[in-house]
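Residue-level structural notes
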Amino acid sequence: MKKLSCFMLAVVMVLCLLTGCSESSADIYVTQELAENELFLSLVDIYNAMEQTELKVEAISEPDLISKIKNDEYVSAFFMMSDAMEEALSDEEVTINEIFYDPVYLIGPKEDNIGLGQLAEYPAEDLLKHIILTNNVFVHATELTSLRKKEAQFWEQSGIVPKTDLYIEAAPGTDGIMKTCAELGGYAVIERYVYEAYKDDYPSLTMLQDQCRGLVDRFCMVVHGTDTESTAAHFVDWMMSNAGQEEVFRYGLEEYGVSRYLPSVH
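Conventions used here
Residues numbered from 1 in each chain as written. Predicted model: local features only at pLDDT ≥ 70, side-chain atom pairs only at ≥ 80, totals over all residues. Heavy atoms only, no water. Patch = residues over 30% accessible without salt bridge, like charges linked within 9 Å, V, L, I, M, F, W, Y side chains within 5 Å. Areas by Shrake-Rupley, 256 points an atom, 1.4 Å probe, with all protein chains shown as cover. Salt bridge = Lys/Arg side-chain N within 4 Å of Asp/Glu carboxyl O. Lys, Arg positive; Asp, Glu negative; His and termini not counted. Charge placed at Lys NZ, Arg CZ, Asp CG, Glu CD. Helix = DSSP H or I, 4+ residues; strand = E, 2+ residues; numbered from the N terminus. Pairing = 2+ DSSP bridges. Axes fitted to C-alpha atoms, helices over the stretch in contact; angles between N-to-C directions. Contact = heavy atoms within 4.5 Å. Buried < 20%, exposed > 50% of the residue type's maximum accessible area, 1.4 Å probe, protein only. 1 Å grid on protein atoms, 1.4 Å probe; cavity = no way out; pocket = protein on both sides within 12 Å on 5 of 7 lines; lining within 4 Å. Points joined across faces, edges and corners; volume = space filled by probe spheres on them. Nonpolar A, V, L, I, M, F, W, Y, C, P; charged D, E, K, R; others polar.

Attention now moves to a negative patch on the surface. A cluster of acidic side chains, namely Glu36, Glu38, Glu254 and Glu255, defines a negative patch on the protein surface. Mapped onto the elements of the fold, Glu255 is located in helix 11 (residues 253-256).

On to the sheet that holds strand 4 (residues 97-102). Sheet strands line up and pair through hydrogen bonds in the backbone, either parallel or antiparallel. Read across the open sheet, the six strands follow the order 2-1-3-10-4-11; overall the sheet is mixed. On the outer flanks of this sheet lie strand 2 (57-60) and strand 11 (262-263), each paired with one strand and no other.

With that settled, consider the sheet that holds strand 8 (residues 188-191). With antiparallel pairing, the three strands of this open sheet are ordered in space as 8-5-9. Two strands lie at the open edges of the sheet, namely strand 8 and strand 9 (205-209), each paired on one side alone. Taken pair by pair, the neighbouring strands of this sheet meet at an average axis angle of 45°, ignoring direction. Bridge analysis of strand 5 (residues 104-109) against strand 9 gives four bridges, and the strand direction is antiparallel. Counterpart to Gly108 in the pairing with strand 9 is Thr206. Where helix 7 (residues 176-184) meets the sheet, it contacts strand 5, strand 8 and strand 9, and its direction lies at approximately 150° from that of strand 8.

Taken as a whole, helix 7 has its buried residues at Gly176, Ile177, Met178, Thr180 and Cys181. The inward-facing, buried residues of helix 7 abut strand 5, strand 6 (138-140), strand 7 (167-169), strand 8, helix 8 (192-198) and strand 9. Among the residues trailing helix 7, Gly185 stands out with phi positive, at a value near 65°.

Next up on the list: the pattern of salt bridges. Considering all chains together, one arrives at eight salt bridges under this definition. A salt bridge links Glu98 to Arg218; its shortest N-O distance comes to 3.1 Å. Remark: Arg218 occurs in strand 10 (residues 217-223) and Glu98 occurs in strand 4; sequence separation between them is 120 residues. For Arg218, a relative accessible area of 29% corresponds to the partly exposed category. A salt bridge links Lys129 to Glu125, with the nearest nitrogen and oxygen atoms 3.8 Å apart. One end of the pair, Lys129, and the other, Glu125, are both in helix 5 (residues 124-133), four residues apart, so they sit about a helical turn from each other. By relative accessible area, Lys129 is classed as partly exposed at 24%. Look at Glu125 and you get partly exposed, because its relative accessible area is 24%.

All right, on to the layout of surface pockets then. Computed from the structure, the largest pocket encloses a volume of approximately 880 Å³. Mapped by element, the contributors of at least two residues to the lining of the largest pocket are helix 2 (38-51), strand 6, helix 6 (146-158), helix 7, strand 8, helix 8 and strand 10. Here the lining of the largest pocket takes four residues from helix 6, the largest share from any one element. For the lining of the largest pocket, the per-class residue count stands at 20 nonpolar, eight polar and 10 charged. The computed volume of the second largest pocket comes to approximately 760 Å³. Surrounding the second largest pocket, 31 residues form its lining, Met81, Lys150, Gly214, Val216 and Asp217 being those nearest its centre. Elements supplying a minimum of two residues to the lining of the second largest pocket: helix 4 (83-89), strand 5, helix 6 and strand 10. Among the elements that take part in the lining of the second largest pocket, helix 6 stands out by supplying six residues, more than any other. Taken together, the residues of the lining of the second largest pocket sort by class into 11 nonpolar, nine polar and 11 charged.

Any functional reading would require information beyond the geometric quantities listed.
Here it is, written out as structure tokens:
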């Protein structure tokens, strides 16, 4: 992935130049949160090289993107699905194309004394409640990641304030959450690629749930308008094809030993 660094820098510079323009000829709008997503930039790079074209991408805030959609502007967009975006799109005649997702696991001690492994039918919110209400350690990331934001949202919505001696910040490092879980016999929600890369280093831990409903980040694209020959339409068709989904699957294999994300279609 190092070979993409120069391209990524160039794309980010283009995004910065385009952001805030009063008028734009962008092919695709992307939320600012995803403006530097390495897989998205990689897919753009591969498509541009294959088609000998240049996708014009503009980064804007999620509220601005929602405003464009609600005002019937014919825009195409790539974004991470959120409650606000899902609500905005519910009244629009567009097809939501889910391209890839970031799978997460619920991990904990192999003994699993509170039976989380047997609660697959429950949403993530109930699983997190179960951990806290049974007075078990829950380990959270050191940074305010998308995953940690969702965890915090669950606590707020449920009216639960985790005890400070049970809500523990992870040790630094990519494997910090697993390290702290192993030391304290705690539970955590963690990205699949991290668990798969380090599971052999922490034999006391196991994956208890691999379908954490409500915590999985879904990366989607919509194409507005009826022009099926637009650059955006061709790009989303390619991303959803076998070839595009294979690129999604291959991303991260060299660095992590497993796919960083998983393809949603194939």
